[in-house]
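Residue-level listing of the chains:
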Amino acid sequence: MVDPGFLHFDTLELHAGQRPDVEFGARAVPIYQTTSYVFGDVERAAGLFNLERQGHIYSRISNPTVAVLEERIAALEGGVGAVATASGQASLVLAITTLMGQGAHIVSSASIYGGSRNLFTHTLPRLAGITTTFVDPRDPEAFAAAITDDTRLVFGETLGNPGLEVMDVPEIATVAHDRGIPLMIDNTFATPYLFRPFDRGADLVMHSATKFLGGHGVAIGGVLVDGGTFDWAASGRFPTMTEPYESYHGLRFVEEFGTQAFLMRARVEGLRDLGATMAPQTAFYLLQGVETLTVRMQRHVDNTRAVVAFLVDAPEVAWVSYPELADHPDHDLAKRLLPKGAGAILSFGIRGGRDAGRRFIERLRIFSHLANVGDARSLVIHPASTTHATMSAAELEAVGIGEDLIRLSIGLEDPRDLVADLRQALRASQRG
Amino acid sequence: MDLTVADKAVNVGTGGRDHTGGVPVVLLHGAGMDRTVWQFQARALASHGYDVYAVDLPGHGASAGPPPADIEGYADWLVGFIDAAGIDRAVLVGHSMGSLIALDVAARHPDRVLALVLLGVAAEMPVHPDLLAAASADDHRAFELVASWSHAKAAHAGHHPTPGLWMMGSSLRLLERSAPGVLHNDLAACDRFGDAAERAAAITVPTLLLLGEHDLMTRPAAARPLAEAIARSRVQVVPGTGHMLMVEAPDAVIDAIVAFVDPVTGGSGAA
Ligand SMILES: Cc1ncc(COP(=O)(O)O)c(C=O)c1O
């Protein structure tokens, strides 16, 4: 059988969405630092506004530099297209506002980024009466049981936070699709190098590009990708996709744009009206990261494995949680869904509890103590003494965060230096 | 808009505007695809004043099946569609398999056709045996081969003029939506149609052959016998594009259609 001859993943990291600039032949993606674009003739201008002609109008809605990033991430995820946003948080908001309105309902994994949880728990109910039921990410039946007639989205993260639960995307996708609901995956921790949710049944993917996609810790951004798989018309629950939209002369997105209905609506309504747009400079920074995603992610994973191997044997460490370890509850699932690696984030328990945790963090020299993940530099956080410092031990246990829990995001340094840094800080942590 | 042809529901896109009595333009998609390949042309042609009918062929998109087994069957269906729509004579714009359907109608029913625009057309459309075999087995590889070969090599890296749209993924997803067997039905119909140049000799209406410079499925040279056979034909090559030229270069295709159709129909609103 002949080979289709598609460009492969590593090539797309460098080339997707871009051809050398026609005017000057610039090989790198130029930064189009402009708010707006000259129309040419009046008929063409009208055609642009009516979504029939191609090009850019105003950089809140689209920009040539940002468009390269959008296409590139869509290519790497295997989707039909993407919309970049001002942050990962904005991608989640954009997906929700595009899909649903007043009184809708979301079923979400309970093990998600705290910012996503805040949005679901407090802001969406206040603004739009949109409520969320949180369920155990390891329990597909709980997802099924939580879906109601008002449910418009099932949501989870490839790798949960901080428990590193591996989402059984094929199984949960089936649960969602059986009820005519799309599944959206936050693929931030895995990146398309380690996992492509669309290949396993997800319909929408979001990224905090702030993390591994950018990889350098220099820019906040998000990307919302559509797999083009979900049949909005057949579901019958998505009037934003199927019913006339007065703001565009009664445009019905599915009728006109088929597999691209969601993306078109997200851009021409969501970016236009809500305005959480990515800046071209940001897209440029993020593109520098995406170009080396494969080599970086492989190194992140290799370093993580070296650190995990060290921690497992360290006497100061009570337990280590990483999906590749045999005692992790999702070990088999990780092997199946994440064969290239289970990411670069892990957690462990330090003997000596909250105080030892504090001493450990303060003694680290290479690991940076801060609230982020997915930087080229290694990062550490001790939730019990920082983000969750006001909680009692009992309250921490209730949300699955022990007093002893330390989360590491492993960077690209020489793994020998990372291990040496951890070793000396662990030793110091036990000298109360 | 929904119509019924031979008791079967037909889904028709009108480019986002109600018909206003303009020149009827029927857009015919290719094998295994649907009306949305014309998403930008449909809207632009409707804005221009034409009455646009972007049809889902039987068994494709949201139109009831089954698909006719051969090009003549599709052509007979199209005549039925033109009747059902209450159209006297229409401009037929066809892509790939759709171009053969349009060509066959123009050859056999010249009184129903105002003009022809044939995109990604060739006098013969033999289909690669591996592709036919994969399609026959409903093997996903068939979608991959069509998606790959349908785009110029440059398009494999994207850079779509519509911000954020990834062409290769979009074409693949569109083909994956086809019902089992439909792609094979269509490819086999193209393969069997044989030499279209003989039939094309009967075509009397103005005809534009709109070709992709780097089309691998229907190479520009393969359209030459048609250009010679059709008395009032013109050839236009869209630079840099492959077989999916209306997707790869939507604006250029819109401009080419309007520039050709307006003069031969006396302008968009004049029918
Ligand atoms: C998994 C995950 N999703 C979403 C976000 C939000 O992204 P951003 O900070 O880019 O808005 C974060 C940020 O920490 C995250 O870790």
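As a reminder, the structure under discussion sits directly above these lines.
The rules behind each value
- Residue numbering note: each chain is counted from 1, following its sequence as written.
- Chain letters start at A and ligand numbers start at 1, both assigned in the order the entries are written.
- Whole-chain, interface and lining totals are the exception, using all residues; otherwise, since this is a predicted model, local features are given only for residues with pLDDT of at least 70 and side-chain atom pairs are given and counted only at 80 or more.
- Side-chain numbers here rest on the full set of heavy atoms in the structure, without hydrogens or water.
- Only protein chains enter the accessibility calculation, which uses a 1.4 Å probe; a residue is then buried when its area is under 20% of its type maximum, exposed when over 50%, and partly exposed in between.
- Going along the chain from the N terminus, every DSSP run of H or I of four or more residues is numbered as a helix, and every run of E of two or more is numbered as a strand.
- The path from the first strand over the helix to the second decides the hand: if it runs clockwise while the strands point away from the viewer, the crossover is right-handed.
- In short, DSSP must find at least two bridges between two strands for them to pair.
- Being near a molecule or strand, for a residue, comes down to having at least one heavy atom within 4 Å of it.
- Identification of polar contacts relies on pairs of N or O atoms within 3.5 Å, with a donor-acceptor requirement for protein atoms, meaning one able to donate a hydrogen and the other able to accept it, and with residues adjacent in sequence counted only if both atoms are side-chain atoms.
- Computed with the Shrake-Rupley method and a 1.4 Å probe, the accessible areas treat only the protein chains shown as cover for residues.
- Joining through side-chain atoms within 4.5 Å is the link that ties buried Ala, Val, Leu, Ile, Met, Phe, Trp, Tyr and Cys residues into a set, and such a set is a nonpolar core.
- In what follows, residue pairs with any heavy atoms lying within 4.5 Å of each other are defined as contacts.
- A pair is scored as a salt bridge if a Lys or Arg side-chain nitrogen falls within 4 Å of a carboxyl oxygen belonging to Asp or Glu.
- Angles here are taken between N-to-C directions and fall from 0 to 180 degrees, while the axes themselves are lines fitted to C-alpha atoms, restricted in helices to the stretch in contact.
- Roughly parallel means an angle under 35 degrees; roughly antiparallel means over 145; roughly perpendicular covers 65 to 115; every other angle is labelled oblique.
- With the far helix as reference, a near helix turned anticlockwise by less than a right angle produces a left-handed crossing, and one turned clockwise produces a right-handed crossing.
- When residue character is reported, Ala, Val, Leu, Ile, Met, Phe, Trp, Tyr, Cys and Pro are called nonpolar, Asp, Glu, Lys and Arg charged, and the others, Gly included, polar.

## Here we look at the pairing of strand β6 (residues 113-119) of chain B
All names here are of chain B. Along β6, six of the seven residues are buried, which leaves the element largely enclosed by surrounding structure. Between the parallel elements strand β5 (residues 90-95) and β6, the chain passes through helix α3 (residues 97-108) in a crossover that is right-handed. Pairing geometry for β6 and strand β7 (residues 207-212), over four bridges, is parallel. What sits directly across from Val117, in β7, is Leu208.

## Observations regarding the site of the ligand
All names here are of chain A. Around the ligand sit Ser87, Gly88, Gln89, Tyr113, Glu157, Asp186, Thr188, Phe189, Ser208, Thr210, Lys211 and Gly221, and those are all the residues in its vicinity. Here an oxygen atom of the ligand sits 2.6 Å away from a polar atom, N or O, in the side chain of Thr210. Notes on the ligand: free accessible area 390 Å², of which the protein chains cover 90%.

## Let's talk about the nonpolar core
In terms of nonpolar packing, the biggest core is built from 102 residues, with Val26, Leu78, Phe81 and Leu92 of chain B touching the most fellow members. Leaving out residues up to four positions away in the same chain, Val26 of chain B has contacts with Tyr53, Val55, Leu78, Phe81, Ile87, Ala90, Val91, Leu92 and Val93 of chain B. The next biggest cluster of nonpolar side chains, apart from the first, holds 90 residues, and it includes Ala146, Val205, Ala283 and Leu286 of chain A.

## Overview of the pattern of salt bridges
Residues and elements named next belong to chain B. For the structure shown, the criterion picks out 25 salt bridges over all chains. Across the pair Glu72 and Arg199 runs a salt bridge, and its minimum N-O distance is 2.7 Å. With Glu72 in helix α2 (residues 71-84) and Arg199 in helix α8 (residues 196-200), this pair connects stretches of sequence that are 127 residues apart. Using a relative accessible area of 26% as the deciding quantity, one classes Arg199 as partly exposed. The network of salt bridges with common partners includes Glu72, Asp76, Asp104, Arg108 and Arg199.

## A word on unusual backbone geometry
Along the chain, Gly65 of chain B connects to Pro66 of chain B via a cis peptide bond; the corresponding omega equals 0 degrees. A positive phi is found at Thr191 of chain A, a non-glycine position, where the angle reads about 65 degrees. Mapped onto the elements, Thr191 of chain A comes out in helix α8 (residues 191-194). By relative accessible area, Thr191 of chain A is classed as buried at 0%. In this structure, Asp138 of chain B takes a positive phi of about 50 degrees despite not being glycine.

## Comments concerning the packing of helix α5 (residues 140-149) of chain B against helix α6 (residues 167-176) of chain B
Residue and element names in this part refer to chain B. Relative orientation of the contacting elements α5 and α6 amounts to 140 degrees, with a least axis distance of 9 Å. Judged on the interaxial angle alone, α6 and α5 are oblique. Considering the relative orientation of α5 and α6, their crossing is right-handed. On α6, the residues touching His140, Phe143, Glu144, Val146, Ala147 and Ser148 of α5 are Met168, Ser171, Leu172, Leu175 and Glu176. By residue class, the composition of the contact of α5 with α6 is six nonpolar, three polar and two charged.

## Details of the environment of Gly353 of chain A
All names here are of chain A. Of note, Gly353 is situated in helix α16 (residues 353-363). Of the residues examined, Gly353 reaches a relative accessible area of 19% and is grouped as buried. The spacing of Gly353 and Ser429 is 76 residues in sequence and 9.9 Å in space, taken between C-alpha atoms. When sequence neighbours within four positions are dropped, the list of residues in contact with Gly353 reads Glu403 and Asp404.

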